[in-house]
Amino acid sequence: IRVIQRPVLLVFAKDDAQSNSFCWACERAGFRCNVARTPEAALESFQEKNHDLIIMDHRHSRYFDAEALCRYVYSTCVCVSVVTQRYVENSNMMSCYNELIQLHHGEIRAQIKLRACNAVFTALEQSQEAIEISSEDQIIQYVNPAYECIMGYQRGELLKENTEVPKSEQNKPDLLDNISSCLRRGKEWQGVYYAKKKNGDSVQQNVKMTPVVGQGGWCVRECVCSGVLMCRCCGCVSDIQQSSKHKDRRKGSLDVRSTTSRGSDAGSSQRRHSSMARIHSMTIEAPITKVINIINAAQESSPMPVAEALDRVLEILRTTELYSPQLGTKEEDPHTNDLVGGLMTDGLRRLSGNEYILATKQLHHIPGHLTTPLSLNDIPPCIAQTMENEDSWDFDIFNLESATMKRPLTYLGLKIFSRFGVCEFLSCPEATLRSWLQIIEANYHSSNSYHNSTHAADVLHATAYFLCKERVKQSLDPIDEVAALIAATVHDVDHPGRTNSFLCNAGSELAILYNDTAVLESHHAALAFQITTRDDKCNIFKNMERNEYRTLRQAVIDMVLATEMTKHFEHVNKFVNSINKPLAALEENGSILTAPENRILVKRMLIKCADISNPCRPLELCIEWAGRISEEYFAQTDEEKQQGLPVVMPVFDRNTCSIPKSQISFIDYFITDMFDAWDAFADLPNLMQHLDNNFKYWKSLDEKKLHSLRPPPE
């Protein structure tokens, strides 16, 4: 059964920006679109095509009575009227597009499902297999004509008020109680059940019952005899086998002996999909749905061990986070637990009335003494000397921080962007790039111990280093390299020195704006483009061709969002499965490296590794970074206690925290696997040596039960 999507009807008396925006939105969303200029034309079109969605212009009542037209069709479709409670006039194309998408996933999809369910029940009525649906209390809700013929009952006899399922004496006394108890706990039940015909004969059935949450969140048990239950509001799916001769069927499938309306108990045995798989097949197929359907089809002719293995595969594929492990830790380690809770959750524990407002609601401007842009030729010799080895992994960013009076991003950015020819690629004057670097750096908070412009410069340095590795260069185009450098520069701009969890718990303005989802990362990306495009003096994108700019912008946004830690394991596992493993299996790797989807994975992995590469730096740099991030977490814990907010990472109490333990947990849980994968791709033996040495250093401090960054002087 397939539901064909109907077109959208636009009823606008005249062509204007609003109607054009909805036309564009329909085209982008892939919806067919009909336009009517009069009520008569709208009614004629609606009667011919029965549109699911009608958008009518209610701004100018002198043209036609939109409310009367709306009432006429309201009972059969979703109707949107401009400047009504549903949609306020807004000719922004993306606003119209978002409205269409929301309607499609809401009211329209619900109507499509209802139509599909009606079609399903029509099919059940025509089915030659006996089908019975009963409630949790075993009260019969539905039987089809085939059931009447086979079991000997008339539908009217069974559908009387509170008529229970006829029970056979051959069932064990406690069987039904066991079934109900199992389903109430949300567990499947599978076993032999005896049904009773009207003439008193018992029919043995092999039954599998699966509880499903229905509307309202409650669970019920719906039993289906000799068929597959597919109903629009079911609480439980029961797959039933009519004959005991087929006890060896695979788990999760339905093997029924077909029963005809002539009352025959025999027939050819058929494999069937589960009810939920049937429902999936009725919707528009997404790639994962196609995969599930292919596996279902393969199960039809598979031997028992293969079929059972494929069932386990299907269970995994139907989860929502295919690449993310469950957030358990490798050991019962409070430091790891707190890091996971603080970095990989959105802080769902919230208190009302406590709001954390960012200290910098206004954008920073370039300080007065920096109004004259710097040039590479203007860089003081002491700073230039500090940057002589900036292409080395062992480059000391803290020396540059000191030499530049905490403005390392501008100076290092000038040199690295020059080395990669960014100005030439963007057709951007060097003065514009200098101004851009200065305004971006001005919007980092120097008061943060960790998330400041020195961290941004460090990530930029690591990004540039990775871009020079041979396999990375083979994978990326020049636009990807430029996007990576820009993303690294802006990836933490205006960071408040607090985690996403803190902002969500505090009900901050940013958390509200971004719906508690990737709050900081969304803010960094959005603010970076706001800062860049608001003033031509620092708009490095001004001279780019439109499509190239959109491509670059999307790449920058995607990379900045990839630094959010909630999807850490998803990004790493996708990289391993899509790139590492195929490369290891093939001698020729050109197609793997240049595939567009894999280039995205490489860029995400690159900036993720650059962002948290501190444990792979030389020991002295690693120690300094560990102290800075710990201080920032200490300050957050202090503020959480002061404001009465949930303490996201309790181990980061400045009076009790063991910094070596926190570093060991971070390396063990987040760093090791990721850099193993990145090293296998990019060949980074020096980083892995530093990582090994640093881990041993933290271990040695921990074994001595030292909580500080360094051992005490001898």
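Residues numbered from 1 in each chain as written. Predicted model: local features only at pLDDT ≥ 70, side-chain atom pairs only at ≥ 80, totals over all residues. Heavy atoms only, no water.

- Under an unreviewed UniProt entry, the protein chain has the name Phosphodiesterase and belongs to Cyprinus carpio carpio.
- We quote the UniProt Pathway (unreviewed entry) comment for the protein chain here in full: "Purine metabolism; 3',5'-cyclic AMP degradation; AMP from 3',5'-cyclic AMP: step 1/1."
- You can read under Sequence similarities (unreviewed entry) in the UniProt record for the protein chain the words "Belongs to the cyclic nucleotide phosphodiesterase family. PDE8 subfamily." (UniProt positions renumbered as here; feature names shortened; annotations may be inferred.)

**Regarding the overall build of the protein chain**
Moving on, step 1. Secondary structure assignment for the protein chain yields 29 helices and 12 strands.
Moving on, step 2. Here the protein chain holds 714 residues, and the buried ones make up 53% of them.
Moving on, step 3. When the accessible surface of the protein chain is summed, it comes to about 33600 Å², and 50% of that surface belongs to carbon and sulfur atoms. (Helix = DSSP H or I, 4+ residues; strand = E, 2+ residues; numbered from the N terminus. Buried < 20%, exposed > 50% of the residue type's maximum accessible area, 1.4 Å probe, protein only. Areas by Shrake-Rupley, 256 points an atom, 1.4 Å probe, with all protein chains shown as cover.)

**What about the UniProt feature "binding site: Zn(2+) 1" (unreviewed entry) in the protein chain?**
Moving on, step 1. UniProt's feature table lists "binding site: Zn(2+) 1" (unreviewed entry) at His455, His491, Asp492 and Asp611, given in the numbering used throughout. Spatial clustering of the annotated residues is evident: they stretch over 157 residues in sequence, but the largest pairwise C-alpha distance comes to 10.0 Å.
Moving on, step 2. Here Asp492 is to be found in the loop between α19 (478-490) and α20 (500-506).
Moving on, step 3. With sequence-adjacent residues up to four places away left out, Asp492 is seen in contact with Tyr444, His451, His455, His524 and Asp611.
Moving on, step 4. Classification of Asp611 by relative accessible area gives buried; the value is 11%.
Moving on, step 5. Each residue touching Asp611, except ones within four places of it in the same chain, is listed here: Tyr450, His455, Val459, His491, Asp492 and Thr563. (Contact = heavy atoms within 4.5 Å.)

**A few points about the environment of Trp625**
Moving on, step 1. Of note, Trp625 is situated in helix α27 (residues 619-643).
Moving on, step 2. Sequence separation between Trp625 and Ser449 is 176 residues, and the spatial gap between their C-alpha atoms is 9.3 Å.
Moving on, step 3. Here Trp625 is in contact with Ile397, Phe398, Tyr450, Thr454, His455, Asp458 and Asn614, once residues within four sequence places are set aside.

**Observations regarding the nonpolar core**
In a soluble, globular protein the nonpolar side chains are often hidden away together inside.
Moving on, step 1. With 115 residues, the main nonpolar core has Trp436, Phe466, Leu552, Phe675, Trp678, Phe681 and Trp698 as its most contacted residues.
Moving on, step 2. Among the elements that line this core, the one with the most residues is helix α28 (residues 659-682), at 13 residues.
Moving on, step 3. Other than its neighbours up to four places away in sequence, Phe681 contacts Arg471, Val472, Ser475, Phe575, Ile579, Asn580, Leu583, Leu593 and Val602.
Moving on, step 4. Among the nonpolar cores identified, the runner-up in size contains 15 residues, and Val8, Ile55, Tyr97 and Ile112 belong to it. (Core = buried A, V, L, I, M, F, W, Y, C linked by side-chain atoms within 4.5 Å.)

**Let's talk about the environment of Trp393**
Moving on, step 1. By the element assignment, Trp393 lies in the loop between α12 (381-386) and α13 (397-403).
Moving on, step 2. As for Trp393 and Ala462, which are separated by 69 residues in sequence, their C-alpha atoms are 7.4 Å apart.
Moving on, step 3. Setting aside chain neighbours within four positions, we find Trp393 in contact with His461, Ala462, Tyr465, Phe466, Ser613, Cys616, Arg617, Pro618, Asn686, Leu687 and His690.

**Quick look at α19**
Moving on, step 1. Taking 1.5 Å as the rise per residue, α19 with 13 residues should run 18 Å; its terminal C-alpha atoms sit 19 Å apart, in good agreement.
Moving on, step 2. Every buried residue belonging to α19 is among Ile479, Asp480, Glu481, Val482, Ala483, Ala484, Leu485, Ile486, Ala487, Ala488, Thr489 and Val490, and all of these are buried. (Expected span 1.5 Å × (residues − 1).)

**Points about a positive patch on the surface**
Moving on, step 1. A cluster of basic side chains, namely Arg28, Arg546, Arg550 and Arg553, defines a positive patch on the protein surface.
Moving on, step 2. Considering each element in turn, the positive patch owes the most residues, three residues, to helix α23 (residues 546-562).
Moving on, step 3. Topologically, Arg28 is positioned in helix α1 (residues 17-29).
Moving on, step 4. When its relative accessible area of 44% is taken as the criterion, Arg28 is described as partly exposed. (Patch = residues over 30% accessible without salt bridge, like charges linked within 9 Å, V, L, I, M, F, W, Y side chains within 5 Å. Salt bridge = Lys/Arg side-chain N within 4 Å of Asp/Glu carboxyl O. Lys, Arg positive; Asp, Glu negative; His and termini not counted. Charge placed at Lys NZ, Arg CZ, Asp CG, Glu CD.)

**As for the UniProt feature "binding site: AMP" (unreviewed entry) in the protein chain**
Moving on, step 1. Feature annotation in UniProt places "binding site: AMP" (unreviewed entry) on His451, Asn452, Ser453, Thr454, His455, Asp492, Asp611 and Gln663, given in this structure's numbering.
Moving on, step 2. Using a relative accessible area of 13% as the deciding quantity, one classes His451 as buried.
Moving on, step 3. Ignoring anything within four residues of it in the chain, the contact list for His451 reads His445, Asp492, His495, Ile629 and Glu632.
Moving on, step 4. Mapping Asp611 onto the fold places it in helix α26 (residues 596-611).

**A look at the side chain of Glu632**
Moving on, step 1. Here Glu632 is to be found in helix α27.
Moving on, step 2. Polar side-chain contacts of Glu632 include one of 2.4 Å to the side chain of His451. (Polar contact = N/O pair within 3.5 Å; in protein donor to acceptor, adjacent residues only side chain to side chain.)

**A word on the packing of aromatic side chains**
Moving on, step 1. Summed over the entire model, instances satisfying the criterion amount to 21 aromatic pairs.
Moving on, step 2. Their ring planes at 75 degrees and their centres at 6.5 Å tell us that Phe529 and Tyr549 sit as a pair that is edge-to-face. Taken together, the residues span a long stretch of sequence, with Phe529 in helix α22 (residues 519-533) and Tyr549 in helix α23 at a distance of 20 residues. For the pair shown, Phe529 and Tyr549 are each scored as buried.
Moving on, step 3. Taking the centre distance of 6.1 Å and the plane angle of 25 degrees together, the rings of Phe569 and Phe670 count as stacked. Of this pair, Phe569 sits in helix α24 (residues 568-585) while Phe670 sits in helix α28, and the two are 101 residues apart along the sequence. Neither residue differs from the other here; Phe569 and Phe670 are each classed as buried.
Moving on, step 4. One aromatic cluster is present, formed by Trp393, Tyr465, Phe466, Phe575, Trp678 and Phe681 through successive ring pairs.
Moving on, step 5. Sitting above the plane of the Trp625 ring, Arg628 keeps its charged end 5.7 Å from the centroid. (Phe/Tyr/Trp six-rings, centres within 6.5 Å; stacked < 30°, edge-to-face > 60°. Lys NZ or Arg CZ within 6 Å of the ring centre and 35° of its normal.)

**Quick look at the state of the cysteines**
Moving on, step 1. According to the stated counting rule, one finds zero disulfides in the structure shown.
Moving on, step 2. Lacking any disulfide linkage, Cys96 is separated from the closest cysteine sulfur, that of Cys26, by 9.1 Å. (Disulfide = S-S within 2.5 Å.)

**Quick look at the environment of Ala506**
Moving on, step 1. By the element assignment, Ala506 lies in helix α20.
Moving on, step 2. In this structure Ala506 comes out as buried when scored by relative accessible area, which is 0%.
Moving on, step 3. Along the sequence, Ala506 and Gly644 sit 138 residues apart, while their C-alpha atoms lie 9.5 Å from each other.

**Description of unusual backbone geometry**
Keep in mind that most residues, glycine aside, have a negative phi and that most peptide bonds are trans.
Moving on, step 1. Unusually for a residue other than glycine, Ser427 sits at a positive phi of about 50 degrees.
Moving on, step 2. Inspection of the secondary structure assignment puts Ser427 in the loop between α15 (422-426) and α16 (430-442).
Moving on, step 3. Ser427 sits in the partly exposed class, given a relative accessible area of 45%.
Moving on, step 4. Positive phi is not limited to glycine here, since Asp683 has a value of about 65 degrees.
Moving on, step 5. Inspection of the secondary structure puts Asp683 in the loop between α28 and α29 (685-703).

**Digging into the confidence of the model for the protein chain**
Moving on, step 1. Per-residue pLDDT for the protein chain averages 78, and the proportion of residues at 70 or more is 74%.
Moving on, step 2. A low-confidence stretch, residues 81-85 (pLDDT under 50), is modelled with 19 contacts involving residues beyond four sequence positions or located in other chains.
Moving on, step 3. Low pLDDT (under 50) marks residues 366-373, which in the prediction has 15 contacts with non-local residues, meaning those over four places away or in another chain. (pLDDT = per-residue confidence, 0-100.)

**Thoughts on the pattern of salt bridges**
Moving on, step 1. Inspection of every chain in the model, using the stated rule, returns 19 salt bridges.
Moving on, step 2. One salt bridge connects Lys574 with Glu570, and the closest N-O pair in it is separated by 3.1 Å. Here Glu570 and Lys574 lie together in helix α24, a separation of four residues that amounts to about one turn.
Moving on, step 3. With a relative accessible area of 22%, Lys574 lands in the partly exposed category.
Moving on, step 4. Residue Glu570 is classed as buried on the basis of its relative accessible area, which comes to 13%.

**With respect to the pairing of strand β3 (residues 53-56)**
Moving on, step 1. Where burial is concerned, the two faces of β3 agree: the one with Leu53 and Ile55 and the one with Ile54 and Met56 are both buried.
Moving on, step 2. With four bridges joining them, strand β1 (residues 8-11) and β3 adopt parallel strand pairing. Bridging across to β3, Val11 finds its partner in Met56. (Pairing = 2+ DSSP bridges.)

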